[in-house]
Amino acid sequence: MGTSEGFWRTVGGRRWPILAITAAVAVVLMPGLARLETDNSPDVFIIEGNADHEEYQEFLSQFGHDHSLRIVFSGETLWTTEGLRFLDALERGAAELPGVVRASGLAEHKRRFGWPPADPQAFRRESIDNGLDRAAGWISRDGDAASCLLLLEALQPEQRRQLLDSLDSLLLTKPEGLEAQVLGLGVLNAALDRSSREIEERYFPLLIAFTVVLLAAVVRSPGQLIAALLFVGFCQLLTLGPMGYRGVALNMVLAILPPVIFVISLATAVHLILRVRYRASLVLKDGAEEAHWIDVTSAVFKEKGWAVLWTGVTTSVGFASLMVSDVAPVRSLGGWAALGLLLATVAAFTALPALVLWLRGKPTTASATGGFEGRASRWGATGAKFAVRNRPLVVGGLIAISGLAALGLPQLRVESNALHYLAPDHPLRAGIEEAESVGIGVAALELLVQTPSSGGGAPAPFVSALEVDRLADLASDLEKLEGITGVLNAGTVLRDALLYVPQTPTNAHLRGQMVLDGLAQDVQGREVLDSFLSKDRQTARSTVFVTTSGVEDLLRIESHLREQVAARFPEATARVTGEYRLLLLAQRSLISTLIFSLGLTLIAVAVVLRLLLPSFRLAFLALIPNLWPVVGGLGLMGWIGVPLDIATVMMASVVLGLAVDDTIHTLGHFRHYAPLHGAREAVVRTLRATAPAYLLTGAILMVGFGVCGLSDFAPIARFGALSAFSIGLAVLGDLFALPALLSLTPDNVCRRLQIESTAEALQRPPGPSSP
C-alpha cells in the first residue's frame, strides 16, 4: 500500500527532533500571523488586465479618482440657521481632512451669497428648484434631506479607517435634532471589514470551543485532545504565517480560511488518532499490559498513510480549482488554502505522529468495544447492512432525490448587488436605500463622450459653450431614465453659473461663452471644469448617480446611456466606466468560476479514484456519492432562491474536495477486505472500522462551516450554511449510498484489488516489541 512500516518506526523513534523542528517553525511563523490585516476595498475585488480595467485606468489618467463618500443630513433642525451653519462648518472641516480632494454641498455652492441664509425655508425651496443642487444630490427631491459629497483620493485601508473616524468626530458637534449618516463604498468597505473580523473574533472561537467539548466527550484523553489541537494550531500557522509575511490582507472571502484549515486538519487528526486508539485498545483487549505505542502508531500510519496523502491532494485540488476565477479574493483563497492543506498533509506525516507519541495518554478497551467508538462502529455496520440488503431502495432514493435537486439548478441566479450582502435592517443598507429613494445617489457611473478631433487647427469641441450646453441637455435626458438619480457634467455647471450672471442684450450663445471663459480663468472654476473636461477638451465626463443594483440593471442603464449619447452627439463615441461598474462586472465571472472550478475538481477526483481502483466501473460507482452532496447543495440553492455570490460560488468545488476524503478512507479498507470476503461483507466490515471517524469528522466539518452561517454578512452566512448542509449529505452518502454502490462490485474486480498480505492484517494488532 505504499509507505513501509519501518519508516514510521523511524519517525516514531525520532519524535523529539521532529517536535523541536515543529516548535522552531511555529516560533518563526508566529510574527507573520500578527501581521495579518483586513482589507475589503474595491480594488481587492476588481478584475484587472481586461479591456474594462484598461479603460478605467485611462479615465483615471484623464480625470483622477472617482472615489467618493456622502454625508446625508435630515431632521427637524436641518432647515434652521443652526443646522445650515453646521453644514457649512462640516463642509469646511471635511475639506481639510487627509485624503479628501473636495467637499461640496449646499454651503460650498451658495456661501458666496452670504451664509447662513437669512430665510432657511426660502433657501430650501430655492435649492429644490436648482438643477445643480438636485443633480449633485445636495438636496433631496422633497427637500427633507441634504448631503455633502466628498471626493477622495485613493486611500489605503488604514487611511480609509482614519478618515471615517475623523468624519465621525466632526459629526459629534451636530446640533440636537439633526441626524447624519456617512454613506458610500468606503463605508461599505468598513462594514465588510467588520464582518471579516467578526468571523475571526466571534465565530472561530465558538468553533474551537465546540470542538474541544466534542473531542473531550469522545476521546476522553487529555493528551490525545491536546495533540489534536496542537497539530491543528500548527497547520494554522503553516498557512496564515506565510500570508502575514507576504502582506496578504484578509477580506470577506479569505476570512473563511482559518476555520476551513482548522476543520480539515482536525478531521485528518481525528481519522488517525481514533485509529491509533482502536489498535492500542486491541492490544489491551488481548491481554497485554501496555500498548506499545511506536508499533501501534507506525502500523496505523502504514495502513492509512496513503489515504491521508490522497485526501490531502484531492482537498487541495478542490481549493486550487478556485484559482481559475478572475476575482482576486476567490483566486487567493484557492491558492492559499491549497498550499496550506498540502503543508498540513506534510505535517500529518511528521508533526502529528510525533505529537501522538509524546501525548499518547493511556488507552482502554473501551476504544474498541464501548464508548462513542464502539457505538459508532455498530451503527456503521448496521447502516451498511441496511444499505446492502435494501440496495434498490437506497440507490433509487439517491437517484430520485438527486433528480429533484437537479431541477433546481436552472433556477440558480447571481447576486451582484453588494448592498444585498447586508441584512435588510443593517443601518448602512437602510440609509443608502432611503437616500436613493429621495434622489440622493451614492453609487455612480462615469459616462465619457469623446468627440473626434476637429483638425486643421480648429478649436476642440468642448471649448465652445454651445457644445458644453449640449451636455446639459444630455444630463436632462439621462435624469429621466429609471435608476438614475442625478447627472453632473460641465453643462450642468455652466447652466448653474448662468443663473447668477445678469441678463444682457447679448445673444445666448455669446453670453454662455463669456461665462464659460470666465469659469476657465477663475481658479476654482477651472478646477471644476477640469474635473469634467479633458485637458484637450475632446472628452467630456458625466458623473451619473444611479441606484445601487446588480449587474443586469447596470447593463440596462449602460445601454440607455449609449442611446442617449448617440441621439445628442451622433458624431461622438460613448464609453461607460467607473469603479462601481468594475465591481459589478466582476460578478459576471461567478458562473464561469463555478463551472470551471467544479469541472477541474471533478476531473482530478475521478483520476485519483481511478488510480486507486482497478476498474473504471468501480471508480464511477465510488464517484457518485461524492456528486450527490454537490448536486443537493446547488439544487437547494436554486429551489429556495439562494443566489450565487462571491462566497457561495466556492461551495461546490470545496464540498466535492472534502466529500471525497471519506470515500478514499473507505476504499482503503474496502480494497483490503473485498478479496477475502466479497463486496457485500467487505462494505459492512469497512463501515464498522470507519464510521466513528466519519461521524466525528462530519460533525466537526458541519460545525466548522456552520459557524460561518451565523454571520450577519449574507455571502459568508450562505456559504457556511450550505456547506454544512452539503457535508451532512456527504456523511449520509458515506454511510448508505457508498456501501450500496460498492456492494455491486463484481467478484472478478474484487480479486483484482491489491492486498499486502491478508485482510486480517487490519484486525490483528502488531505483537509486542520494545518501544
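Let me sum up the structure you'll find in this document. (Residues numbered from 1 in each chain as written. Predicted model: local features only at pLDDT ≥ 70, side-chain atom pairs only at ≥ 80, totals over all residues. Heavy atoms only, no water.)

### Focus on the overall build of the protein chain
And then number 1: When you go through the protein chain residue by residue, the secondary structure sums to 31 helices and eight strands.
And then number 2: Each principal axis of the C-alpha atoms in the protein chain carries an extent, and together these give about 115 × 50 × 50 Å.
And then number 3: Within the protein chain, the proportion of its 771 residues that are buried is 59%.
And then number 4: Restricting the contact set of the protein chain to residue pairs at least 6 apart, pairs at least 24 apart contribute 81%.
And then number 5: Accessible surface, the protein chain as shown: approximately 30300 Å² in total, 60% of it carbon and sulfur. (Helix = DSSP H or I, 4+ residues; strand = E, 2+ residues; numbered from the N terminus. Buried < 20%, exposed > 50% of the residue type's maximum accessible area, 1.4 Å probe, protein only. Contact = heavy atoms within 4.5 Å. Areas by Shrake-Rupley, 256 points an atom, 1.4 Å probe, with all protein chains shown as cover.)

### Regarding the sheet that holds strand 1 (residues 68-74)
Sheet strands pair via backbone hydrogen bonds, and the direction of the pair is either parallel or antiparallel.
And then number 1: Taken in spatial order, the four strands make up an open sheet running 2-3-1-4, and their pairing is antiparallel. Each having just a single partner strand, strand 2 (100-104) and strand 4 (179-183) make up the two edges of the open sheet. Looking at each pair of strands side by side, their axes are set apart by 20 degrees on average, direction ignored.
And then number 2: Note that strand 1 and strand 3 (residues 145-152) share seven bridges and pair antiparallel. (Pairing = 2+ DSSP bridges. Axes fitted to C-alpha atoms, helices over the stretch in contact; angles between N-to-C directions.)

### Re a nonpolar patch on the surface
And then number 1: Where nonpolar side chains cluster on the molecular surface, the patch consists of Trp16, Ile226, Leu230 and Trp358 and spans about 420 Å² of accessible area.
And then number 2: By secondary structure assignment, the location of Trp358 is in helix 15 (residues 351-358). (Patch = residues over 30% accessible without salt bridge, like charges linked within 9 Å, V, L, I, M, F, W, Y side chains within 5 Å. Salt bridge = Lys/Arg side-chain N within 4 Å of Asp/Glu carboxyl O.)

### As for unusual backbone geometry
And then number 1: That bond from Trp115 to Pro116 is cis: its omega, 0 degrees, falls within 30 degrees of zero.
And then number 2: In this structure, Pro116 sits in the loop between helix 6 (106-110) and helix 7 (120-129).
And then number 3: Positive phi values are uncommon outside glycine, yet Arg537 reaches one of about 60 degrees.
And then number 4: Mapping Arg537 onto the fold places it in the loop between helix 23 (523-532) and strand 7 (539-546).
And then number 5: The exposure class assigned to Arg537 is buried, which follows from its relative accessible area of 14%.

### Here we look at the pattern of salt bridges
And then number 1: In this structure the tally under the stated criterion is 25 salt bridges.
And then number 2: A salt bridge links Glu681 to Arg685; the nearest nitrogen and oxygen atoms lie 3.2 Å apart. You can see Glu681 and its partner Arg685 sitting in helix 29 (residues 679-706), four residues apart, about one turn around the helix.
And then number 3: Residues joined in a network through salt bridges with shared partners are Asp469, Asp473, Asp477, Arg495 and Arg568.

### Quick word on the pairing of strand 3
A regular strand places its side chains so that they alternate between the two faces of the sheet.
And then number 1: Of all eight residues making up strand 3, seven are buried, and the element is well covered by its neighbours.
And then number 2: Sheet topology note: the strand 2/strand 3 ladder contains four bridges and is antiparallel. Paired with Val100 across the two strands is Leu152, which belongs to strand 3.

By themselves, these observations are geometric and do not establish any function.
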